[in-house]
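Chain by chain, the residues:
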Amino acid sequence: MGRRGHHRLRRVAIAVLLLMPAAGLLWVPWYAGASPMLAGTPFFYWYQLAWVPGCGLCLLAAYALTDRDRRR
């Protein structure tokens, strides 16, 4: 794969990492239930709370994939 193909693949990976939290949280009917419960907390609440560090990890990975050394 050439340099251009590698750059395109990296951009697609960054886009997927940035869209994952939005897709996971905006599709409410998928997680709008009470079961399964975790430590007495309904799924609706702990699913959203689990995305807090998940979003951070996605952003960290997307930042790590950016080409910060590129000269303009």
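Note that this is a predicted model, so its numbers are computed, not measured.

Each helix and strand in the protein chain was counted, giving 2 helices and 0 strands. Among the 72 residues that make up the protein chain, the fraction classed as buried is 15%. Roughly 6000 Å² of accessible area belongs to the protein chain as shown, and the carbon and sulfur atoms make up 68% of that amount.

This chain's UniProt record puts "transmembrane region" (unreviewed entry) on residues 12-32 and 44-65. Helix makes up 100% of residues 44-65 and strand 0%, whereas the separation of the span's terminal C-alpha atoms amounts to 31 Å.

Reading the values: rules and limits
Residues numbered from 1 in each chain as written. Predicted model: local features only at pLDDT ≥ 70, side-chain atom pairs only at ≥ 80, totals over all residues. Heavy atoms only, no water. Helix = DSSP H or I, 4+ residues; strand = E, 2+ residues; numbered from the N terminus. Buried < 20%, exposed > 50% of the residue type's maximum accessible area, 1.4 Å probe, protein only. Areas by Shrake-Rupley, 256 points an atom, 1.4 Å probe, with all protein chains shown as cover. UniProt positions renumbered as here; feature names shortened; annotations may be inferred.

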